[in-house]
Amino acid sequence: MSALNDHRLPRPESTEGITLLHGTDGTPVRDLVRDGLAGSGLDPDDVRVAHLCPRCGGSAHGRPFLVGPDRAPYLGVSRTEGLVVVALAQVPVGVDVEPADRHVSSSVSAMILHPDERGDPLRSWVRKEAVLKATGEGLTTQPSSLSVEGGAVRRGGLTVLVRDVDVDGYVMALAVVADAWPQVRMRAAGEEAPAR
Ligand SMILES: CC(C)(COP(=O)(O)OP(=O)(O)OC[C@H]1O[C@@H](n2cnc3c(N)ncnc32)[C@H](O)[C@@H]1OP(=O)(O)O)[C@@H](O)C(=O)NCCC(=O)NCCS
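Residues numbered from 1 in each chain as written. Predicted model: local features only at pLDDT ≥ 70, side-chain atom pairs only at ≥ 80, totals over all residues.

## Points about the site of the ligand
As a structural note, the neighbourhood of the ligand is formed by 20 residues, with Val-77, Ser-78, Lys-133, Gly-138 and Leu-139 the closest of them. The element that contributes the greatest number of residues to the shell around the ligand is strand S4 (residues 74–80), accounting for 3 residues. Of the residues that constitute the shell around the ligand, the class distribution is 7 nonpolar, 7 polar and 6 charged. (Near = placed C-beta within 6 Å. Helix = DSSP H or I, 4+ residues; strand = E, 2+ residues; numbered from the N terminus. Nonpolar A, V, L, I, M, F, W, Y, C, P; charged D, E, K, R; others polar.)

## Here's the deal with the sheet that holds strand S6 (residues 93–99)
Pairing is antiparallel in the open sheet, where 4 strands are placed in the order S6-S9-S8-S7. Edge positions in the sheet fall to S6 and strand S7 (152–155), since each of these pairs with one other strand and no more. Neighbour-to-neighbour, the strand axes of the sheet open up by a mean angle of 25°, direction not taken into account. The strands that helix H4 (residues 121–134) touches are S6, S7, strand S8 (158–167) and strand S9 (170–177); relative to S6, the one it contacts most, it runs at about 155°. (Pairing = 2+ DSSP bridges. Axes fitted to C-alpha atoms, helices over the stretch in contact; angles between N-to-C directions. Contact = placed C-beta atoms within 7 Å.)

## What to know about the sheet that holds S4
Overall, mixed pairing links the 4 strands, which are arranged S4-S5-S1-S10 in an open sheet. Both edges of this open sheet fall to S4 and strand S10 (184–188), since each of them pairs with a single strand only. Taken pair by pair, the neighbouring strands of this sheet meet at an average axis angle of 15°, ignoring direction. Sheet analysis places strand S1 (residues 18–23) next to strand S5 (residues 83–89), joined by 5 bridges and oriented antiparallel.

## Some points on the pairing of S8
Sheet topology places S7 next to S8; 4 bridges connect them, and they run antiparallel. Considered in S8, the bridge of Ala-152 is made with Leu-161. Linking S7 to S8, which pair antiparallel, is a turn of 2 residues; within it Gly-156 sits at a positive phi near 55°. Where S8 lies against S9, 8 bridges are found, and the strand directions are antiparallel.

## A short note on H4
Counting along an α-helix, one turn takes 3.6 residues, and residues three or four places apart therefore face a common direction. Compared with an ideal rise of 1.5 Å per residue, which puts 14 residues at 20 Å, H4 spans 20 Å between its outermost C-alpha atoms and is within 8% of the ideal. Judged by how many residues are buried, H4 sits mostly within the fold: 11 of 14 residues are covered. Along H4, the residues that are buried comprise Ser-124, Trp-125, Val-126, Arg-127, Lys-128, Glu-129, Ala-130, Val-131, Leu-132, Lys-133 and Ala-134. Those residues of H4 that are buried lie in contact with S4, S6, helix H3 (106–112), S7, S8 and S9. After H4 finishes, the residue Gly-136 shows a positive phi value of roughly 90°. (Expected span 1.5 Å × (residues − 1). Buried ≥ 20, exposed ≤ 12 C-beta atoms within 10 Å, placed from the backbone.)

## Section: the nonpolar core
With 47 residues, the main nonpolar core has Ala-87, Val-131, Ala-175 and Val-176 as its most contacted residues. Per-element tally for this core: the top contributor is S9, with 8 residues. (Core = buried A, V, L, I, M, F, W, Y, C linked by C-beta atoms within 7 Å.)

## Some points on the environment of Ala-180
With respect to the helices, strands and loops of the structure, Ala-180 is situated in the loop between S9 and S10. Through-space distance from the C-alpha of Ala-180 to that of Leu-32 is 25 Å; in sequence the pair is 148 residues apart.

Structure, rendered in structure tokens:
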């Protein structure tokens, strides 16, 4: 799984949780990152968002990551109608969100669902995108080649955990390359960070 190897290694010893920030569409990712770094001891001015494409190695698109101090967290990004979500974590993280009323045709379902899966194709879709973002593979991997119904997937010798996140009107999933779930804290853009 070269996409993951292209990036920094997980830091499973970390006890810090995952911060999930959400804004309305149009909220710049960098603003959500600034909010998410509040109270972390990192100066947001020292951190910038960059990308690395697992397929072509280009830096104009692909997996997002933070450039800056060594302790800069891993970054996950998703946007859909009305919502932008950013996840910051000390382990590789992926997030995906879609409107709950999004129609999934039977031909798209066939591209999403693994032969063993019987669940809701939209939920399966966001779980798989979250997993494939956490590993950095993105849609270079066929979603139907993995099953996410058990909440954990093995990719390249590593465990990727995936879970649903409740957001009114949306179907959202979060995935991490880790053996156990860090605590997840979700808040809106501009909302004050809880004391750490
Ligand atoms: C990007 C992708 C993962 C999901 O797209 P989507 O569901 O339409 O859009 P979302 O808003 O949920 O996610 C987009 C974000 O995913 C992130 N992303 C893109 N590629 C990623 C990857 N390989 N791993 C992790 N995250 C990725 C980016 O942060 C992107 O937002 P940004 O560019 O504004 O920072 C999928 O479309 C994809 O993999 N596309 C690339 C296919 C490819 O490799 N093409 C070859 C190019 S050379």
